[in-house]
Amino acid sequence: MSKLLISPSILSADFAKLGAEVAAITRAGADLIHIDVMDGHFVPNITIGPQVVKALRPHSDRPFDVHLMIAPADPYLQAFAEAGADIISIHPEAGPHLHRSLQTIRNLGKKAGVVLNPSTHESVLDHVMDMVDLILVMSINPGFGGQAFLPSQLGKIETLRKMIDRTGREILLEVDGGVNPQTARDCYNAGADTLVAGTAVFKGGPEHYQANIAALKAAAG
Ligand code: DX5
Ligand code: ZN
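What this report covers is the structure whose coordinates are included nearby. (Residues numbered from 1 in each chain as written. Chains lettered and ligands numbered in written order. Predicted model: local features only at pLDDT ≥ 70, side-chain atom pairs only at ≥ 80, totals over all residues. Heavy atoms only, no water.)

Position of Glu-174 among the secondary structure elements: in strand β7 (residues 172-176). Put simply, Glu-174 is tucked away with no salt bridge, and the nearest opposite charge, on Lys-111, sits 12 Å away. Setting aside chain neighbours within four positions, we find Glu-174 in contact with Ser-7, Leu-32, His-34, Asp-65, Leu-134, Ile-135, Leu-136, Val-137, Thr-194 and Val-196. (Helix = DSSP H or I, 4+ residues; strand = E, 2+ residues; numbered from the N terminus. Buried < 20%, exposed > 50% of the residue type's maximum accessible area, 1.4 Å probe, protein only. Lys, Arg positive; Asp, Glu negative; His and termini not counted. Salt bridge = Lys/Arg side-chain N within 4 Å of Asp/Glu carboxyl O. Contact = heavy atoms within 4.5 Å.)

Take a look at the structure:
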């Protein structure tokens, strides 16, 4: 297995044929499918809801890595779980009770993730490290694809790598935003094991997906 897992963000897919796009990235070697859920309130963009996640579920056998950029998130956790999410990640700023939200996700039988905005300190995780299955570092401000990678986040990835290793637990360390073959190498060297990529995976159309994903995985070579 590759040392780097790739989770293509379908935000950069052709929304008029999402099912076919998800099937195409699955065939092209995606390890996870990253689904960006935005509410026009927590972030300044609106994307998709649980019904779309449910409609996409038959198009891939890969885990659905659902990134919730919505506030509040709690009222919708069950709907995303039932729609077929495998990992549900939330931002600490989306509600007052991060611990309770993570408990809810785990009680639904799903893996729980915490997402750190560029300005969010990793210490928010100190007392929930035993409940997280994934930590997602935003290397852009969430809301849109196609933004430039923020190198200021590399130090945070290094710190989180140490925090995760100290637990001895299996926790994915994922990076999201501005990931391309160059920044992928920086992320890997800093300790990331999973990369989200929208623009870099979908550029050129379906006949390029396999090479695009391979180019990102090569960052670990
Ligand atoms: C933005 C999303 C990202 C986005 C990444 O809020 O969380 O997943 O799709 O897009 P690229 O890879 O183009 O920066
Ligand atoms: Zn995302």
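Picking up after the structure, the text goes on.
Protein-derived coordination of the zinc ion (ligand 2) comes from His-34 (NE2), Asp-36 (OD), His-67 (ND1) and Asp-176 (OD), at a distance range of 2.0 to 2.3 Å. Here the zinc ion (ligand 2) binds 6 donor atoms, and the angle range of 68 to 168 degrees at the metal identifies the geometry as octahedral. Along the chain, the residues that donate to the zinc ion (ligand 2) are spaced as H-x1-D-x30-H-x108-D. Pair noted here: Asp-36 is in strand β2 (residues 33-38) and His-67 is in strand β3 (residues 64-69), with a separation of 31 residues, a long-range link. Considered together, Asp-36 and His-67 belong to a single accessibility category, that of buried residues. (Donors = N, O, S within 2.8 Å, 3.2 Å for Na, K, Ca; no water. Tetrahedral: all angles 85-135°; square planar, octahedral: opposite > 155°, others 65-115°.)

Another point: the pairing of strand β6 (residues 134-138). Counting buried residues in β6 gives 5 out of 5 residues, a clear majority hidden from the surface. Side chains Leu-134, Leu-136 and Met-138 of β6 all project onto a buried face; the interleaved residues Ile-135 and Val-137 project onto the opposite face, where all are buried too. Bridge count for β6 against β7 is 5 bridges, and the pairing is parallel. Counterpart to Leu-134 in the pairing with β7 is Leu-172. The parallel pair β6 and β7 is bridged by helix α5 (residues 154-167), and the resulting crossover is right-handed. (Pairing = 2+ DSSP bridges. Right-handed = clockwise from strand over helix to strand, strands pointing away.)

Right, let's get into the pattern of salt bridges. Going through the model one piece at a time under the given rule, you end up with 8 salt bridges. Between Arg-62 and Asp-61 there is a salt bridge whose closest N-O contact spans 3.1 Å. Accessibility expressed as a relative area gives 26% for Arg-62, which makes it partly exposed. Residue Asp-61 is classed as exposed on the basis of its relative accessible area of 62%. Among the salt bridges present, the one from Asp-165 reaches Arg-161, with a minimum N-O distance of 3.2 Å. Taken together, the residues span about one helical turn, with Asp-165 and Arg-161 both in helix α5 at a distance of 4 residues.

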